[in-house]
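Survey of secondary and tertiary structure
The lines below spell out each chain.
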Amino acid sequence: MASALFDRDLVAIGDLSKKDIGEVLEHASKMLSIVEQGRRVDYLENEIMATLFFEPSTRTRLSFESAMQRLGGGVIGFADAGTTSTKKGESLADTIEVVSSYADVIVIRHSTEGAAREAAEHSKIPVINAGDGVGQHPTQALLDLFTIKKEKGRLDKLRIAMVGDMKNGRTVHSLSEALSLFGNEITFIAPEELQIPDSIYGRLSREYGSAQKSESLEKARDADVIYMTRIQQERFAKPEDYKRFEHSFRIDRKFLEGANNDVIIMHPLPRVMEISPEVDKMKNSVYFKQASYGVPVRMAILDMMLTGKK
Ligand code: CP
């Protein structure tokens, strides 16, 4: 039987069942051994990936490109929509219609929530959402789950504190849904104005009954996993509003001395000031390792989507 992702779009984490996620993580473990051996394979030698990045990115775009190259495939695309015909007024629908005749899979990042779903509707080839505004970032959630599984040995019965900009953080929107599906206790820690949207909180509370909200970082002290996020400056209409929140939370050595000794500190990155650099060398910090898992996890997604392997 073909993999759960074969010839499908991946727009939201909710597109995947618990079993599908398990398949991706298992396949990613095989891909990790290819990466660790520094090898390239020919699994996707006849495939081309188009990366359409209408918003800035370091990790997502480069790890997708690295993943495709490790699998023997080709890469086309852009990292600055200002150099494309979007600048001349071309619609997203037309761009996707055309690019889907140049490639075998599209990876898209866009500032508008829903843009990846719109792209999928106009595409003849599978579309992967690499972040749509304040919406979703499903491949980040998968690499976050892969990291938690590696570090904690399981994906359930964990106390998770998510800290920072819960309103605008698309990584949190995707990951909280996946973690709830696996059965974890989640505490969203944010200033009231930047709390998790009611639509997400209501659903998680109703369906899984395991979510709480707080404004205090003290609530993270007993957590097994602290998932820090930056305050998303680019989502604020007025600079003065961002200024009110930019220093809301910061994890440092002193905080960790009073926290659960085995807590892992995660962050989707980029970091601004919410984790002190002194934490980087502490055993609790896993955020750079987490970023490195972007390659094997995205290799797994591409391989499963394009060949049906699992
Ligand atoms: N985590 C993440 O999406 O990073 P980039 O914005 O650098 O892709």
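Residues numbered from 1 in each chain as written. Predicted model: local features only at pLDDT ≥ 70, side-chain atom pairs only at ≥ 80, totals over all residues. Heavy atoms only, no water.

1. Focus: the overall build of the protein
- Broken down by element type, the protein carries eleven helices and nine strands.
- For a compact globule of 310 residues, the expected C-alpha radius of gyration is about 19 Å, and the protein comes in at 19 Å, within 12% of that figure.
- Judged by the C-alpha coordinates and their principal axes, the protein covers about 55 × 45 × 40 Å.
- When burial is assessed residue by residue, the protein has 56% of its 310 residues classed as buried.
- In the protein, of all internal contacts separated by at least 6 residues, the share reaching a separation of at least 24 is 73%.
- Of the accessible surface of the protein, which amounts to about 13300 Å², a share of 47% is contributed by carbon and sulfur atoms.
- Taking the 42 positively charged and 46 negatively charged side chains of the protein as two groups, their mean positions are separated by 4 Å. (Helix = DSSP H or I, 4+ residues; strand = E, 2+ residues; numbered from the N terminus. Rg over C-alpha atoms; globule rule 2.2 N^0.38 Å. Buried < 20%, exposed > 50% of the residue type's maximum accessible area, 1.4 Å probe, protein only. Contact = heavy atoms within 4.5 Å. Areas by Shrake-Rupley, 256 points an atom, 1.4 Å probe, with all protein chains shown as cover. Lys, Arg positive; Asp, Glu negative; His and termini not counted. Charge placed at Lys NZ, Arg CZ, Asp CG, Glu CD.)

2. What to know about the site of the ligand
- As a matter of local geometry, the ligand sits amid Ser57, Thr58, Arg59, Thr60, Arg109, His137, Gln140, Pro268 and Leu269.
- Measuring from an oxygen atom of the ligand, one finds a side-chain N or O atom of Arg59 at 3.0 Å.
- Taking Leu269, its main chain carries an N or O atom lying 3.1 Å from a nitrogen atom of the ligand.
- Considered on its own, the ligand offers 260 Å² of accessible surface; in the complex 91% of this is hidden by protein.
- Judged by the proximity of its atoms to the pocket grid, the ligand belongs to the largest pocket. (Near = heavy atom within 4 Å. Polar contact = N/O pair within 3.5 Å; in protein donor to acceptor, adjacent residues only side chain to side chain. 1 Å grid on protein atoms, 1.4 Å probe; cavity = no way out; pocket = protein on both sides within 12 Å on 5 of 7 lines; lining within 4 Å. Sits in = over half its atoms within 2 Å of the grid points.)

3. Examining the layout of surface pockets
- Estimated volume of the largest pocket: approximately 390 Å³.
- Around the largest pocket sit 21 residues that line it, and Arg109, Arg170, Arg230, Leu269 and Pro270 are the ones nearest its centre.
- Mapped onto the lining of the largest pocket, the elements with two or more residues apiece are helix H2 (59-70) and helix H6 (170-182).
- Grouping the amino acids of the lining of the largest pocket by side-chain chemistry returns four nonpolar, ten polar and seven charged.
- Counting the residues that make up the lining of the largest pocket, at least three belong to each of domain 1 (13-136 + 294-307) and domain 2 (138-291). (Points joined across faces, edges and corners; volume = space filled by probe spheres on them. Nonpolar A, V, L, I, M, F, W, Y, C, P; charged D, E, K, R; others polar. Domains from an automatic or database assignment.)

4. Section: the domain arrangement of the protein
- The domains assigned to the protein are domain 1 (13-136 + 294-307) and domain 2 (138-291).
- The centre of domain 1, based on its C-alpha atoms, is set 24 Å off from the matching centre of domain 2.
- With 29 residues of domain 1 at the interface, the matching set in domain 2 holds 25 residues.
- For the pairing of domain 1 and domain 2, the buried interface totals around 2300 Å² over both sides, and the portion due to carbon and sulfur atoms is 65%. (Buried area = accessible area lost by both parts, 1.4 Å probe.)

5. What to know about the environment of Lys167
- Along the chain, Lys167 turns up in the loop between strand S5 (159-163) and H6.
- For Lys167, a relative accessible area of 40% translates into the label partly exposed.
- When the C-alpha atoms of Lys167 and Ser57 are compared, they prove to be 20 Å apart, with 110 residues separating the residues in sequence.
- With residues near it in sequence (within four places) discarded, Lys167 still touches Val134, His173, Glu193, Leu194, Gln195, Ile196 and Pro197.

6. Focus: the pattern of salt bridges
- Scanning all chains against the criterion turns up 20 salt bridges.
- Put simply, Arg8 and Asp20 hold a salt bridge, and the shortest N to O gap is 3.8 Å. Of this pair, Arg8 sits in the segment before helix H1 (18-36) while Asp20 is found in helix H1, placing the two residues twelve residues apart along the sequence.
- Taking relative accessible area as the criterion, Arg8 reaches 28% and is therefore assigned partly exposed. (Salt bridge = Lys/Arg side-chain N within 4 Å of Asp/Glu carboxyl O.)

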